[in-house]
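Commentary on secondary and tertiary structure
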Amino acid sequence: SVPRTDNANCGRCGTVCGSSERCVEGVCTLTCPTSQTACSGLCVDLQRDPNNCGSCGMLCPTGCVSGRCSAIIDLEAAQNNNCLLYASGRVYCFGLNSGINRSGGSFGHNATPVQVVNGVGAPVENVVQLAGTQSSMCARRSNGTVQCWGASLAVSDITGLAGVTHLSGKVTTF
């Protein structure tokens with residue numbers, strides 16, 4: 001008789017199921033925690049995973065909030081650039097890009113929004129407010145810190161600021 005539920009001998013003698021698997025009908029099957037779902041061999045949270053938003057394989061590059069692709073909550077315009085803030089806290093910019101977009105080294109015109117990233121490719125995230133100036137943009141993050149980027153400034157944390165509750169950048173130039 002072939003073992004059908006033995007994790008140490010699943011389907012045949014010596015076939016051991018992994019730590020996140022269990023033997024079901026002679027096949028090692030991924031077992032996810034209650035709040036997660038198996039998608040392509042991984043346990044994911046369909047409520048927050050941007051690669052599996054609401055269902056396996058549903059891509060949402062702007063972020064996933066409560067199982068839905070994140071919606072735009074703010075648009076901030078600078079002189080020749082525009083930035084979109086999504087409910088996920090991610091920022092995407094587009095326009096003539098006089099250095100403001102800072103999206104993976106992109107310094108040319110961007111007709112479609114591209115995600116703003118820092119010098120090592122990490123996205124600007126956890127943003128709750130944007131403020132634009134003539135050639136720069138600043139983002140207030142949920143932890144009260146500020147990041148700015150623009151024509152003469154790569155995405156940078158502004159040191160010495162903590163607990164910031166509001167931004168207004170219309171008169172500031174970097």
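Please refer to the structure placed before this passage.
Described below are features of the structure shown in this document.

Criteria and cut-off values
- Residues numbered from 1 in each chain as written.
- Predicted model: local features only at pLDDT ≥ 70, side-chain atom pairs only at ≥ 80, totals over all residues.
- Heavy atoms only, no water.
- Helix = DSSP H or I, 4+ residues; strand = E, 2+ residues; numbered from the N terminus.
- Buried < 20%, exposed > 50% of the residue type's maximum accessible area, 1.4 Å probe, protein only.
- Contact = heavy atoms within 4.5 Å.
- Core = buried A, V, L, I, M, F, W, Y, C linked by side-chain atoms within 4.5 Å.
- Pairing = 2+ DSSP bridges.
- Axes fitted to C-alpha atoms, helices over the stretch in contact; angles between N-to-C directions.
- Phe/Tyr/Trp six-rings, centres within 6.5 Å; stacked < 30°, edge-to-face > 60°.
- Salt bridge = Lys/Arg side-chain N within 4 Å of Asp/Glu carboxyl O.
- Disulfide = S-S within 2.5 Å.
- Polar contact = N/O pair within 3.5 Å; in protein donor to acceptor, adjacent residues only side chain to side chain.

Turning our eyes to something else, we now look at the overall build of the protein chain. Looking only at helices and strands, the protein chain features zero helices and 14 strands. Sequence-ordered secondary structure for the protein chain, helices as α and strands as β, is β-β-β-β-β-β-β-β-β-β-β-β-β-β. With 174 residues in all, the protein chain has 37% of them scored as buried. The contacts in the protein chain between residues at least 6 apart in sequence include a share of 26% that link residues at least 24 apart.

Turning next to the nonpolar core. Counting 13 residues, the largest nonpolar core has Val91, Val116, Val124, Val127, Leu130 and Trp149 as the members making the most contacts within it. Listing elements by their share of this core, those giving two or more residues are strand E8 (81–86), strand E9 (91–95), strand E11 (127–132) and strand E12 (136–141). Setting aside anything within four residues of it in sequence, one finds Val124 in contact with Gly89, Arg90, Val91, Val116, Val117, Gln147, Trp149 and Val155.

With respect to topology, four strands assemble into an open sheet ordered E7-E8-E9-E10, the strand pairing being antiparallel. Strands at the two margins of the open sheet, each flanked by one partner only, are strand E7 (72–77) and strand E10 (110–115). The mean angle between the axes of side-by-side strands here comes to 20°, regardless of whether they run parallel or antiparallel. The pairing of E9 with E10 spans three bridges and is classified as antiparallel. Counted as the bridge partner of Gly95 is Asn110 from E10.

To describe a pair of aromatic rings, you give the distance between the ring centres and the angle between the ring planes. One pass over the structure, following the stated rule, counts one aromatic pair. The interplanar angle of 70° and the centroid separation of 5.4 Å between the aromatic rings of Tyr86 and Tyr92 together place this pair among those described as edge-to-face. Here the two residues Tyr86 and Tyr92 agree in accessibility, since each one is buried.

All right, on to the pattern of salt bridges then. Inspection of the entire model under this criterion finds two salt bridges. Notably, a salt bridge pairs Asp45 with Arg48, separated by 3.1 Å at the nearest N-O pair. The exposure class of Arg48 is exposed, given its relative accessible area of 61%. Of the charged contacts in the structure, one is a salt bridge between Glu125 and Arg90, with a shortest N-O distance of 3.3 Å. Linking Glu125 in the loop between E10 and E11 with Arg90 in the loop between E8 and E9, this pair joins segments that are 35 residues apart in sequence. The exposure class assigned to Glu125 is partly exposed, which follows from its relative accessible area of 28%.

The subject of this paragraph is the state of the cysteines. Counted by the stated rule, this structure contains eight disulfides. In this model, Cys32 is linked to Cys43 through a disulfide, with the two sulfur atoms separated by 2.2 Å. Its S-S torsion of approximately -90° makes the covalent link between Cys32 and Cys43 left-handed. Within this pair, whereas Cys32 is found in the loop between strand E2 (27–30) and strand E3 (37–39), its partner Cys43 is found in strand E4 (residues 42–44), the two being separated by eleven residues in sequence. In this model, Cys138 is linked to Cys148 through a disulfide, with the two sulfur atoms separated by 2.0 Å. Measuring the twist about the S-S bond at about 105°, one finds the Cys138-Cys148 disulfide to be right-handed. Remark: Cys148 occurs in strand E13 (residues 146–150) and Cys138 occurs in strand E12; sequence separation between them is ten residues. There is no split in this pair, since Cys138 and Cys148 are both buried.

Another point: the side chain of Arg90. Accessibility expressed as a relative area gives 16% for Arg90, which makes it buried. Separated by 3.3 Å, the side chains of Arg90 and Glu125 make a polar contact.

Function-wise, these values are silent; they only describe arrangement.
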